[in-house]
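# Commentary on secondary and tertiary structure
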Amino acid sequence: MSVAVPTIKVEIKFTGGPDWGDASLGAFVLGVSGLGDPSATYTDVSSDVRSVGINRGKSRELEEFRSGVCKVVLGNNSRQYDPTYTSGPNYGNIKPGRMMRVYATHPTTAVTTLIYKGVIRAWDYGYQPAGVNKGDATATVLASDILYDAGQAEFSTTTSGGLSGQQVISVLDEINLTDRSIDTGIHSMQATTYANTNVLSALRTIAYSEGVDVATVYGSKSNQLIYEDAISLETKANVGTFGPSALPITKVDLTYESDLVKNSIAFTRTGGAQQTDTDTTSITDYGTRSLSRSGLVNATDGDVSGLASLALDQFKDAELRIRKIQLAPQANATLMTKVLAMEIRDLLTVEFSPPGTGTISQDHFVIGIDMQFRPQKFIAGLTLNSETGKVGGNFILGYATLGTSKIGF
């Protein structure tokens, strides 16, 4: 049975500057100051909200996770969000660099879920002096999460050798960012000297050295910095099945392409020799498709060689896969619950019956989440990772099962 649109609550902390929960900064600037003011409170602006759009994650496997962004359109007909209006309720405090968070309350269970938290980067203003909506004014709030700030920061230090998680901690300790969730890691990294190095670049290199596409760094919907190691995907519990006989899907996009094929791998660690791996069958089928990376921070060449072999296994073949699904969460209460709780790298099953006979069933990890809230309408889209088969997933086309191999370490 269909349900109503969730109740959306948008709050802005007009004073105090940005803060990231328990996060703080050392003696340098991380894009904008993140010390904040713990006594500052959030102001509910929900009555002025016209629409909310949230986009988090990435669109392709070999891309890095982007900073999650949120766009909130507010009615501004009383100039209440005009920074030049001296009679406005928040005059003097309407600035970029303030915190914003968005909640959604389930229409039937009444459970309230935080679906986004980040720092306002810009205020955009629109005014329509003529036409149907003559005199209408809007203020559009644009926010992004902690990855943006990490991408603006530099640090200098020398880390000790150790597992990848400890390397990530060493980097984050340099900027005193403690609002984080860090996996231990399974691969050892070498002692590394960083001099005026970009924080996000360093974190991504460590993740790449742990495992291409299986280890990663991203910002959570609560604006926490997350590092997941090479075996993190193997511990994910399946959040549900989406398809005709389960949670309904509005649209399914499949693709069978060679864009992600990589059959000639060359990885090099700092101070080490280049490690290569190739697949002649794939080269015959698709031509040489190279993937190279230098400056990895692994402790040994043997570790880098294993990393290259794993990447080759992941990307040497083209796959028919479900790339995206679109959902209408108002279809039923259970679907609404699942969508509001969805997080990056969640595991799910998608089933699809194409015209004719047979069934496609794939397990996927979510790599992109898009949510759009408007009056009386809520739609969501999920971008899916094609590499599930390498970590224990499955693929069924008709009655043939493919891709049941599991990554070993």
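That block above? That's the structure.
What this report covers is the structure whose coordinates are included nearby. Residue numbers restart at each chain and count upward from 1, following the sequence in its written direction. Given that the model is predicted, a residue must reach a pLDDT of at least 70 before its local features are reported, and side-chain atom pairs must reach 80 or more before they are shown or counted; all residues, however, enter totals for whole chains, interfaces and linings. No hydrogens and no water enter the side-chain calculation; it runs on all heavy atoms of the structure.

### Points about the overall build of the chain
Quick note on the threshold: Only DSSP runs of H or I with at least four residues qualify as helices, and only runs of E with at least two residues qualify as strands; both kinds are numbered from the N terminus onward. Accessibility here uses a 1.4 Å probe with only protein chains present; expressed as a share of the type maximum, an area under 20% marks a residue as buried, one over 50% as exposed, and anything in between as partly exposed. Contacts are assigned to residue pairs with any non-hydrogen atoms lying within 4.5 Å of each other. To measure how exposed things are, a 1.4 Å probe is used in the Shrake-Rupley method; for residues, cover is taken only from the protein chains shown.
Looking only at helices and strands, the chain has six helices and 25 strands in total. A total of 409 residues make up the chain; the buried ones form 50% of that total. Taking the intrachain contacts of the chain between residues at least 6 apart in sequence as the baseline, contacts between residues at least 24 apart amount to 71%. Accessible area for the chain stands at about 17200 Å²; split by element, carbon and sulfur atoms hold 49% of it.

### Some thoughts on the sheet that holds strand β14 (residues 225-228)
Rules: Two strands are said to pair when DSSP picks up at least two bridges between them. Helix axes use the C-alpha atoms of the stretch in contact, all axes being lines fitted to C-alpha atoms, and the angles between their N-to-C directions lie in the range 0 to 180 degrees.
Here we have three strands laid out as an open sheet, ordered β10-β14-β13, and mixed in their pairing. The two strands at the open ends of the sheet, each matched to only one other strand, are β10 (180-182) and β13 (216-219). With direction set aside, neighbouring strand axes in the sheet form an average angle of 15°. Relative to β14, β13 runs antiparallel, the two being bridged by four bridges. Looking at the pairing, T216 lines up with E228 of β14. In the packing of helix α2 (residues 164-174) onto the sheet, the strands contacted are β10 and β14, and the crossing angle to β10 comes to about 155°.

### Observations regarding the nonpolar core
If you look at soluble globular proteins, the nonpolar side chains tend to sit buried side by side. Let me state the cut-off plainly: Put simply, a nonpolar core is a bunch of buried Ala, Val, Leu, Ile, Met, Phe, Trp, Tyr and Cys residues held in one set by side-chain atoms that sit within 4.5 Å of each other.
Ranked by internal contacts, the top residues of the largest apolar core, which has 51 residues, are V52, M100, W123, I325, F378 and L382. With six residues, the top contributor of residues to this core is strand β22 (residues 360-374). Excluding anything up to four places from it in sequence, M100 contacts V10, E11, I12, Y42, C70, V72, Y116, K117, G118, I120, V141 and A143. Listed in part, the 23 residues of the second largest apolar core include L177, Y194, L200 and L225.

### Quick notes on the pairing of β13
Across the two faces of β13 the burial is the same, with T216 and Y218 and V217 and G219 all buried. Following β13, the chain reverses through five residues before pairing antiparallel with β14; N223 in that reversal takes a positive phi of roughly 70°.

### What about the pattern of salt bridges?
For the record, the criterion: For this analysis, a salt bridge means a side-chain nitrogen from Lys or Arg found within 4 Å of a carboxyl oxygen belonging to Asp or Glu.
Inspection of every chain in the model, using the stated rule, returns 18 salt bridges. When the shortest N-O distance is used, the salt bridge between D213 and K58 registers 3.2 Å. Residue D213 is found in the loop between α3 (199-210) and β13, and its partner K58 is found in the loop between β3 (49-57) and β4 (66-75); the two are separated by 155 residues along the sequence. Among the ionic contacts, a cluster of salt bridges with common partners joins R60, E257, D259 and R321.

### Notes on the layout of surface pockets
Selection rule: Cavity: a set of points on a 1 Å grid over the protein atoms alone where a 1.4 Å probe fits but cannot get out. Pocket: an open set with protein on both sides within 12 Å along at least five of seven lines, its lining residues, like those of a cavity, having an atom within 4 Å of a point. Grid points are joined across faces, edges and corners, and a volume is the space filled by probe spheres set on the points. In the scheme used here, Gly and all other residues not listed as nonpolar or charged are polar, with Ala, Val, Leu, Ile, Met, Phe, Trp, Tyr, Cys and Pro taken as nonpolar and Asp, Glu, Lys and Arg as charged.
By volume, the second largest pocket is sized at about 300 Å³. Taken together, the elements giving at least two residues each to the lining of the second largest pocket come down to β3, β16 (251-257), β20 (319-327), β22 and β23 (377-385). With five residues, the top contributor of residues to the lining of the second largest pocket is β23. Counted by class, the lining of the second largest pocket contains five nonpolar, eight polar and seven charged residues.

These results come straight from atomic positions and should not be treated as a statement about function.
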